[in-house]
Amino acid sequence: MLARDIAPFGTFQDIARVHSSDYINSIHNMNPEEGLIDFAPDTNLSPGSWEAAMRAVGGSTRCVDEVLSKRASNAFAACRPPGHHAESALTSGFCLFNNAAIAARYAQDVYGLERVAIMDFDVHHGNGTQEIFWNDPTVMYTSTHQMPLFPGTGAVNETGEHNNIVNTPLTAGDDGARFREALDYAILPRIREFSPELIIISAGFDAHERDPLGGLRLTEFDFAWATRKLIEIADNCCQGRVVSLLEGGYDLEGLARSAAAHVMTLMDY
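Analysis parameters
- Residues numbered from 1 in each chain as written.
- Predicted model: local features only at pLDDT ≥ 70, side-chain atom pairs only at ≥ 80, totals over all residues.
- Heavy atoms only, no water.
- Helix = DSSP H or I, 4+ residues; strand = E, 2+ residues; numbered from the N terminus.
- Rg over C-alpha atoms; globule rule 2.2 N^0.38 Å.
- Buried < 20%, exposed > 50% of the residue type's maximum accessible area, 1.4 Å probe, protein only.
- Contact = heavy atoms within 4.5 Å.
- Areas by Shrake-Rupley, 256 points an atom, 1.4 Å probe, with all protein chains shown as cover.
- Pairing = 2+ DSSP bridges.
- Core = buried A, V, L, I, M, F, W, Y, C linked by side-chain atoms within 4.5 Å.
- Disulfide = S-S within 2.5 Å.
- Axes fitted to C-alpha atoms, helices over the stretch in contact; angles between N-to-C directions.
- Salt bridge = Lys/Arg side-chain N within 4 Å of Asp/Glu carboxyl O.
- Right-handed = clockwise from strand over helix to strand, strands pointing away.

To continue, consider the overall build of the chain. On a plain count of helices and strands, the chain comes out with eight helices and eight strands. Radius of gyration (C-alpha) of the chain: 17 Å, near the 18 Å computed for a compact globule of 269 residues. If you line up the chain on its principal axes, its C-alpha atoms span 45 × 40 × 40 Å. For the chain, with 269 residues in total, the buried portion stands at 57%. Within the chain, contacts between residues separated by at least 24 positions form 73% of all contacts whose residues are at least 6 apart in sequence. Accessible surface for the chain amounts to roughly 10,900 Å². Of this, 51% is attributable to carbon and sulfur atoms.

Following this line, the structure appears as structure tokens:
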């Protein structure tokens, strides 16, 4: 587990493994010196957006460095903006660069990993991560999320070209018992079968019962349970290697409780 640190800047090369050059340059060139710019219908740019996005990327790749260099067994990046709605050339949902996808590609290209699994338990489906890896058998993307809800993707039959996408949608009002059932029966067995060399968690905490942007009824104890289950799989297949990246979470108390439970669970291993 990393000590608290300031995330370094990411690099153009790291981002370009996932996003097109035109897309990266458009964000850089449109970043304002003052005020706000509507970059997408639900995503604004402010004077600090470029630095925040670049440090979110740098924090994500730094976590991969620490874990795969064996300086830490696992790592968590408290990064914003989130990333899982950012597609290869399109943004939405407050996201600019897809931090989880960038971290996965970085692990493969820099460290030679052949298989990476991404588990996303944000209340919203990670349409960007799914789009980026839709045709890629070397990355498995798994997700629990509320449906129907923004962005409208994530149906069970969205499985990718190589059966490497696992979507398990939940319904508004579903609680921790339903969430745990979804992981136990639909997602965790698929991750075990895939036998990844690294597990990346898209750790969105807006499925918490307090969050105003979703309708699920999870608590911090459910996130701690899911974290523990993923670590157990990682212990068996990839030397315990887990990288966790913050996604959504918009009630400050629910976010704080959930992130604390998640990080404390990581620190126990």
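Glancing now at the environment of Arg178. Take Arg178: it is sitting in helix α6 (residues 176-194). It is 9.4 Å that separates the C-alpha atoms of Arg178 and Leu218, two residues lying 40 residues apart in sequence. Setting aside its immediate chain neighbours within four residues, Arg178 contacts Pro169 and Leu170.

The subject of this paragraph is the pairing of strand β7 (residues 198-203). Counting buried positions over the six residues of β7 gives six, a clear majority of the element. Covered by surrounding structure in β7 are Leu198, Ile200 and Ser202 together with Ile199, Ile201 and Ala203, the residues of both alternating faces. Pairing geometry for β7 and strand β8 (residues 242-246), over five bridges, is parallel. Bridge assignment links Ala203 to a residue of β8, and that residue is Leu246.

Now for the nonpolar core. Ranked by internal contacts, the top residues of the largest apolar core, which has 42 residues, are Ile27, Phe97, Ile118, Leu198, Ile200, Val243 and Leu245. Of all the elements, helix α3 (residues 49-68) adds the most residues to this core, at nine residues. Non-local contacts of Leu245, meaning those with residues more than four positions away in its chain, are made with Ser60, Phe76, Ala77, Cys79, Asn99, Ala100, Ala103, Ile200, Ile201, Ser202 and Ala203. Grouped together as the second largest cluster of nonpolar side chains are 36 residues, Met119, Ile199, Val242 and Val263 included.

Moving on, we come to the state of the cysteines. This model, assessed by the stated rule, comprises zero disulfides. Between Cys63, a free cysteine, and Cys79, which holds the nearest cysteine sulfur, the sulfur-to-sulfur gap is 7.8 Å.

A few words now on the sheet that holds strand β6 (residues 165-170). Here we have six strands laid out as an open sheet, ordered β3-β8-β7-β4-β5-β6, and parallel in their pairing. Because the sheet does not close on itself, it has two edges, and the strands there are β3 (74-77) and β6. Going across the sheet, the axis of each strand differs from the next one's by a mean of 10°, ignoring polarity. Sheet analysis places strand β4 (residues 116-120) next to strand β5 (residues 139-146), joined by five bridges and oriented parallel. Counterpart to Ala117 in the pairing with β5 is Met140. On top of the sheet, helix α4 (residues 99-111) reaches β4, β5, β7 and β8; it is set at about 170° to β7, its chief contact.

For the coordinates displayed, the defined rule picks out 13 salt bridges. In this structure, Glu51 engages Arg55 in a salt bridge whose closest nitrogen and oxygen atoms are separated by 2.9 Å. Taken together, the positions of Glu51 and Arg55, both in helix α3 and four residues apart, correspond to about one turn of that helix. By relative accessible area, which is 25% here, Arg55 ends up partly exposed. Taken together, the shared-partner salt bridges connect Arg210, Glu220, Asp251, Glu253 and Arg257 into one network.

Moving on, we come to the pairing of β4. When you tally the buried positions in β4, you get five out of five residues, the bulk of the element. The two faces of β4 match: Val116, Ile118 and Asp120 on one face and Ala117 and Met119 on the other face are all buried. Running through helix α5 (residues 127-133), the crossover from β4 to the neighbouring parallel element β5 is right-handed. Bridge count between β4 and β7: five bridges; the pairing is parallel. Paired with Met119 across the two strands is Ile201, which belongs to β7.

Cis geometry is found at the peptide bond from Arg80 to Pro81, where omega equals 5°. Its location among the elements puts Pro81 in the loop between β3 and α4. The amide bond that connects Met147 to the next residue, Pro148, takes the cis arrangement and shows omega of 5°. Its place among the elements puts Pro148 in the loop between β5 and β6. The phi torsion at Phe94 lies on the positive side, around 75°, for a residue other than glycine. Structurally, Phe94 is set in the loop between β3 and α4. Here the phi dihedral of Ser195 falls at roughly 50°; this positive angle occurs in a residue that is not glycine. Inspection of the secondary structure assignment puts Ser195 in the loop between α6 and β7.

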